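Fold and geometry: a report
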Amino acid sequence: MKKWLPLSIVSMLGLGVLSACGDTEDAEGSSGSKDKLTVWSFTDELEEPIEVFEEQHGVEIELTIIPIEDYPTRLRPVLESGTGAPDVFTGEMAFIKEWVEQDYWEDLSQDPYNVEDIKDDYVDYVFDLGRDSEGTVKALSWQTTPGGIFYRRSIAEEVLGTDDPAAIGERLSTMEGMFEVGEELKAEGYRLFPDEGAVRWFSQGQEPQPWVNEDDELVMTEGRMNHFDYAKELRDKDMTAFAPEWSPAWFAAMDGPVNYNAGWDEVDENASSEVEVFSYALPTWGLHSVLKTNVEETAGDWAVTNGPNPYFWGGTWLGIYKNSDNKDLAWEFVKMMTHDEEFLTDWALETGDVLSYLPVTEEIKTEFSDEFLAGQNNYTFFLEEAQSIDPNVVTRYDQQIDTMFGNAVGEYVDGVKTKEEALEEFYNLVQNAYPHIQVPNK
């Protein structure tokens, strides 16, 4: 189960429904037929559930997967016109707050769905992010996506004297402690992170605030300002492997030594030295969609623990197109994905996906273990981290502003601009994109 990962991602927060409206006996409409369901998504994680649903219901589901960077621009026109629109489509954390405000998804608070009746069965923030500003639920998600630091046990044992997640988490529980660990790792030839991007979660997460407040003001917290300095310190103190997020080198470093160079775009076959990377900052889905799919040699040598502060990243929500002719069948698919206990139990045990549906998590969390993590129970860790997530920090501006800010930090770290110049350009870009937002010093 892999995410479609955009090559341009710098920062993210930072992963089908059906109604009784319409007669399924003559459901030959703009978005499907009674024996066929159409689903659009930015991720391939629905492929296996779709196979289960097809077998159970004797129907065909046509899944269209569009890379996330193209997804909103491809989806919006068909939803507005109704021509070729899917019965079910997904939304991602980066744009969920914008999409629930659009008139595309079915109202799940009404009959026959009545999802408010099961509100208490979900992790709070996951359920709330599917609401619009009027309180109507438009989409549901089966997963919760808090983050952690996944680290190599063998390197921890060699350099830090223990591979115990609690002990390592204590060492990494402050920014100062994390940099101290980075120095110890470097002294033994290792690198703390593959690149400077990982530190964004722990600098900006020091005091979580929405990018834009209720007064339409850009919020520059101390943590966001510190992001520049922490990223620059990682670079200047040589604590990374110069392997940018989602690059070939970034993936390669998960499974052993990589050539150490400042080429940035790919592994240099002619580089003269190699380093091993100690850890990656990834959310729940990073385990099964990133690490497990990209390693062979290091499988079983990993564990997960906390960083200086909790964070969350991504997530996938499902909703039903409001004009679908297959709402009954679409709702059956959404129900299976979001609150079918038998399916979700099997799904969690097979994939390790951390669920938002509490009736299942309560049953499996105590005895859960993952061989990839040397038997660690990552479920209890992530479910505890999920309790600290505040959905109010998510705004409809996040995807674009995060990218602008990440580029500004990158230009400062690369020496292209001073911190002041990078900030000024960032403010200008935000104001040009969103003229109604008040930026500092403008």
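How each quantity is defined
- Residues numbered from 1 in each chain as written.
- Predicted model: local features only at pLDDT ≥ 70, side-chain atom pairs only at ≥ 80, totals over all residues.
- Heavy atoms only, no water.
- Helix = DSSP H or I, 4+ residues; strand = E, 2+ residues; numbered from the N terminus.
- Buried < 20%, exposed > 50% of the residue type's maximum accessible area, 1.4 Å probe, protein only.
- Areas by Shrake-Rupley, 256 points an atom, 1.4 Å probe, with all protein chains shown as cover.
- Core = buried A, V, L, I, M, F, W, Y, C linked by side-chain atoms within 4.5 Å.
- Contact = heavy atoms within 4.5 Å.
- Salt bridge = Lys/Arg side-chain N within 4 Å of Asp/Glu carboxyl O.
- Axes fitted to C-alpha atoms, helices over the stretch in contact; angles between N-to-C directions.
- Parallel < 35°, antiparallel > 145°, perpendicular 65-115°, else oblique.
- Left-handed = near helix turned anticlockwise from the far one by under 90°.
- Nonpolar A, V, L, I, M, F, W, Y, C, P; charged D, E, K, R; others polar.
- Pairing = 2+ DSSP bridges.
- Expected span 1.5 Å × (residues − 1).
- Bend = angle between axes of the 7 residues up to and from the residue.
- pLDDT = per-residue confidence, 0-100.
- 1 Å grid on protein atoms, 1.4 Å probe; cavity = no way out; pocket = protein on both sides within 12 Å on 5 of 7 lines; lining within 4 Å.
- Points joined across faces, edges and corners; volume = space filled by probe spheres on them.
- Phe/Tyr/Trp six-rings, centres within 6.5 Å; stacked < 30°, edge-to-face > 60°.
- Lys NZ or Arg CZ within 6 Å of the ring centre and 35° of its normal.

Okay, the overall build of the protein next. Scanning the protein for helices and strands turns up 17 helices and 10 strands. By the burial criterion, 58% of the 442 residues in the protein qualify as buried. For the protein, the accessible surface area stands at approximately 17,500 Å², while carbon and sulfur atoms represent 43% of it.

This part takes up the nonpolar core. Core analysis: the biggest nonpolar cluster contains 115 residues, and Leu218 and Phe426 have the highest contact counts within it. Apart from the residues lying within four places of it in its own chain, the contact partners of Leu218 are Trp211, Ile401, Phe426, Tyr427, Val430, Ile437, Gln438, Val439 and Pro440. Core analysis: the second largest hydrophobic core is formed by 30 residues, Tyr71, Tyr104, Ala386 and Val394 among them.

We now examine the pattern of salt bridges. For the structure on display, the rule yields 24 salt bridges. Between Arg152 and Asp301 there is a salt bridge; the shortest N-O distance is 2.6 Å. Of this pair, Arg152 sits in strand E4 (residues 147-152) while Asp301 sits in the loop between helix H11 (284-294) and strand E9 (302-305), and the two are 149 residues apart along the sequence. The two residues Arg152 and Asp301 agree in class, both being buried. Of the charged contacts in the structure, one is a salt bridge between Glu411 and Lys417, with a shortest N-O distance of 3.2 Å. Since its relative accessible area comes to 24%, Glu411 is described here as partly exposed.

The next point concerns the packing of helix H1 (residues 47-57) against helix H12 (residues 327-339). Orientation of H1 relative to H12, taken along the N-to-C sense of each, is 125 degrees, at an axis distance of 11 Å. Overall, the two elements H1 and H12 adopt an arrangement that is oblique. The interaxial crossing formed by H1 with H12 has right-handed handedness. On H12, the residues that touch Pro49, Ile50, Val52, Phe53, Gln56 and His57 of H1 are Leu329, Glu332, Phe333, Met336 and Met337. For the contact of H1 with H12, the per-class residue count stands at eight nonpolar, two polar and one charged.

Turning to the packing of helix H16 (residues 398-413) against helix H17 (residues 419-433), a few remarks are in order. Direction vectors running N to C along H16 and H17 enclose 160 degrees, while the axes themselves pass 9 Å from each other. One way to sum up the angle between H16 and H17 is to call them roughly antiparallel. Considering only the axes of H16 and H17, their crossing is right-handed. Each of Gln400, Ile401, Met404, Phe405, Ala408, Glu411 and Tyr412 in H16 lies in contact with H17, whose residues at this interface are Lys419, Ala422, Glu425, Phe426, Leu429, Val430 and Ala433. Tallied by class, the residues present in the contact of H16 with H17 amount to 10 nonpolar, one polar and three charged.

So, on to unusual backbone geometry. Most peptide bonds take the trans configuration, and most residues that are not glycine carry a negative phi. In this structure, Pro112 follows Asp111 across a cis peptide bond, with omega equal to 0 degrees. Position of Pro112 relative to the elements: it lies in the loop between helix H3 (96-99) and helix H4 (124-129).

Before going further, it helps to examine the pairing of strand E3 (residues 88-92). Taking burial as the measure, the five residues of E3 include five buried ones, the bulk of the element. Residues Val88, Thr90 and Glu92 line one face of E3 and the alternating positions Phe89 and Gly91 line the opposite face, and both faces are buried. Note: E3 against strand E10 (residues 316-320), five bridges, orientation antiparallel. In the strand pairing of E10, Gly91 is matched with Trp317.

For helix H9 (residues 222-236), built from 15 residues, the straight-helix expectation of 21 Å at 1.5 Å per residue is met to within 8% by its first-to-last C-alpha distance of 21 Å. In H9, a bend of some 25 degrees at Phe228 exceeds every other bend along the element. Here the buried face of H9 lies against helix H7 (175-187), helix H8 (200-203), H16 and H17. Just beyond H9, the residue with positive phi is Asp238, at close to 60 degrees.

The strand order across the open sheet built from three strands is E5-E7-E6, with neighbouring strands paired in mixed fashion. Edge positions in the sheet fall to strand E5 (190-191) and strand E6 (258-259), since each of these pairs with one other strand and no more. Sheet topology places E5 next to strand E7 (residues 274-277); two bridges connect them, and they run parallel. Following the sheet pairing, Tyr190 is matched in E7 by Glu276.

Time to look at the confidence of the model for the protein. On average, the protein scores 89 in pLDDT, and the residues at 70 or more come to 89%. Segment residues 1-33: pLDDT under 50, and 142 contacts once partners within four positions in sequence are set aside and those in other chains are kept. Confidence drops under a pLDDT of 50 for residues 262-272, and excluding neighbours within four residues, the segment shows 19 contacts in the predicted structure.

A few words now on empty space enclosed by the protein. Volume-wise, the second largest cavity comes out at about 40 Å³. What lines the second largest cavity is simply Pro194, Asp195, Ala198, Trp201, Glu245, Trp250, Tyr280 and Ala281.

In total, this model carries 35 aromatic pairs according to the counting rule given. Seen from their ring centres, Trp211 and Phe405 are 5.3 Å apart, and the 65 degrees between their planes marks the pair as edge-to-face. With Trp211 in the loop between H8 and H9 and Phe405 in helix H16, this pair connects stretches of sequence that are 194 residues apart. Of the aromatic side chains, those joined through ring pairs into one cluster are Trp201, Phe202, Trp246, Trp250, Phe251, Tyr280, Trp285, Trp302, Tyr311 and Trp313. One cation-aromatic arrangement involves Arg200 over Trp313; the distance from NZ or CZ to the ring centre is 5.1 Å. The aromatic ring of Tyr412 is capped on one face by Lys232, whose charged end is 5.9 Å from the ring centroid.

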